[in-house]
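Residues per chain are reported as follows:
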There are 2 protein chains.
Amino acid sequence: MPRWIPRAKERLRDSAVELFLERGYERVTVADITERAGLTRRTFSRYFADKRDVLFAGSELLASAVGDAVAGADPGLSAWEATVTALREIGDQLAEELVPTAANRRVVIRSSEELQERERTKFALIATHVADALRARGTPSPLAEVLAETGVSAFRAAFDQWLDAPEERSLSTVFDGITAELAARIGGMTGNG
Amino acid sequence: MPRWIPRAKERLRDSAVELFLERGYERVTVADITERAGLTRRTFSRYFADKRDVLFAGSELLASAVGDAVAGADPGLSAWEATVTALREIGDQLAEELVPTAANRRVVIRSSEELQERERTKFALIATHVADALRARGTPSPLAEVLAETGVSAFRAAFDQWLDAPEERSLSTVFDGITAELAARIGGMTGNG
């Protein structure tokens, strides 16, 4: 029976990100990570499939959470409003949890083309969940997919901008600013009806 | 001196897509492709790096072309208008050229997670070129990136919908329909001014 190790997952994650920054992602092994964290390979395997997974653990959960939030949003909201509301809500929960490692994680991701591809896949998965939820609310394809991808693009940009100075303003404030500008720039084009 | 072989590139591409469909992408080798096309490995290497490249050849060229079209769009157009105009223009040129293989190519891409990742990278590259051109026109970050990604998302959805029945209507007609709906749905949210 494995005994419970306090904060094992967080210790592994923090050690991994530290090592990726110090030595470069390619040159770090799982053995390096467990040694730095003072934990075993077996404990590592309980939480992560491999070293890349340390940077993307929870992606599926995050995507489902955003999709559920869209599904659960007030039925009176439009598809775009439901998308923005869901992303804002999950984003603020996420932000607090991520502040300690997110900036370092970003440096690591930017250092590797492979990690950037994986990061795109993560956001594509979130968009897929949002689009599924929008279709279930009655938005037709392909509009559901385009609205979902637009919302996720705005969220990703907001997260990135917020991360430059997380203590200055909340993620949702940054996100609201971007979606308002987007609406003005895109919506301003057509006569709308 | 290599002699000129008529339509070698197209023959290799068509043979590759045929074989991917018949046998599954994973099970096809470059040797299979050159044999089917009746051409040599050396000729293959003149056009493509590997079998995956057959499906993505021209991605860089396409991304630059869209970026250039944004840069060259009427200076009086807004960022969103310039994006949409550029994608519509390049799209219609592309559509004619792609009709014969695009539907089969789509089946192959959908069959493989790896190819879907590569396809996302292709569209991300187009968005990067559009965003660069928008910033050069004066649109600030991160709005330039979000507008670029939104435009590319709409374009991708339009291409996909158009491909279901390319003889029925032009790609630009489908694209105009999606961008108009998008503007109505996103722009309808805020008071704008």
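Summary of the structure given here. Source: prediction; values computed, not measured. (Residues numbered from 1 in each chain as written. Chains lettered and ligands numbered in written order. Predicted model: local features only at pLDDT ≥ 70, side-chain atom pairs only at ≥ 80, totals over all residues. Heavy atoms only, no water.)

With that out of the way, let us pick up the packing of aromatic side chains. Residue and element names in this part refer to chain A. Applying the stated rule across the entire model yields 12 aromatic pairs over all chains. Note on F20 and Y25: the rings are 4.9 Å apart at their centroids and 65 degrees apart in plane angle, and the pair reads as edge-to-face. Neither residue differs from the other here; F20 and Y25 are each classed as buried. Pairing F155 with F175 gives two aromatic rings, centres 5.7 Å apart and planes at 80 degrees, and the pair type is edge-to-face. Linking F155 in helix α8 (residues 143-163) with F175 in helix α9 (residues 171-187), this pair joins segments that are 20 residues apart in sequence. Overall, the relative accessible area of 8% leaves F155 in the buried class. We classify F175 as buried; its relative accessible area is 1%. Three or more aromatic residues joined by ring pairs make a cluster, and in this case those are F155, F159, W162 and F175. (Phe/Tyr/Trp six-rings, centres within 6.5 Å; stacked < 30°, edge-to-face > 60°. Buried < 20%, exposed > 50% of the residue type's maximum accessible area, 1.4 Å probe, protein only. Helix = DSSP H or I, 4+ residues; strand = E, 2+ residues; numbered from the N terminus.)

Okay, the relation of the copies chain A and chain B next. Between chain A and chain B, which share one sequence, the superposing operator has a rotation angle of 180 degrees and an axial displacement of 0.0 Å; the RMSD is 0.0 Å. With respect to symmetry, the two chain copies, as superposed, fit the operation of a two-fold axis. Closest approach to the rotation axis within chain A is made by the C-alpha atom of G187 of chain A, at a distance of 1.8 Å. (Least-squares fit on C-alpha atoms with pLDDT ≥ 70 in both.)

Let's shift gears to the interface of chain A and chain B. Each partner contributes to the interface: chain A provides 33 residues, whereas chain B provides 34 residues. For the chain A and chain B pair, buried surface summed over both sides reaches about 3,100 Å², with 68% attributable to carbon and sulfur atoms. Taken together, chain A and chain B are joined by 0 salt bridges. Run the count over chain A and chain B and you get 6 residue pairs in polar contact (both at pLDDT 80 or more). (Contact = heavy atoms within 4.5 Å. Buried area = accessible area lost by both parts, 1.4 Å probe. Salt bridge = Lys/Arg side-chain N within 4 Å of Asp/Glu carboxyl O. Polar contact = N/O pair within 3.5 Å; in protein donor to acceptor, adjacent residues only side chain to side chain.)

Turning our attention to the side chain of T139 of chain B. Residue placement: T139 of chain B occurs in the loop between α7 (113-136) and α8 (143-163). Note on T139 of chain B: relative accessible area 6%, which makes it buried. Aside from chain neighbours lying at most four places away, what touches T139 of chain B is R185 of chain A together with A79, L134, A144 and L147 of chain B.

Our focus in this paragraph is the pattern of salt bridges. Tallying each qualifying case throughout the model produces 30 salt bridges over all chains. We note a salt bridge from E18 of chain B to R36 of chain B, for which the minimum N-O separation is 2.8 Å. Of the two residues, E18 of chain B is situated in helix α1 (residues 8-23) and R36 of chain B in helix α2 (residues 30-37); the sequence distance between them amounts to 18 residues. We classify E18 of chain B as partly exposed; its relative accessible area is 39%. A salt bridge links R106 of chain B to D160 of chain B; its shortest N-O distance comes to 2.9 Å. Residue R106 of chain B is found in helix α6 (residues 79-110), and its partner D160 of chain B is found in helix α8; the two are separated by 54 residues along the sequence. Because the salt bridges share partners, they merge into one network encompassing R106, R110, D160 and D164 of chain A.

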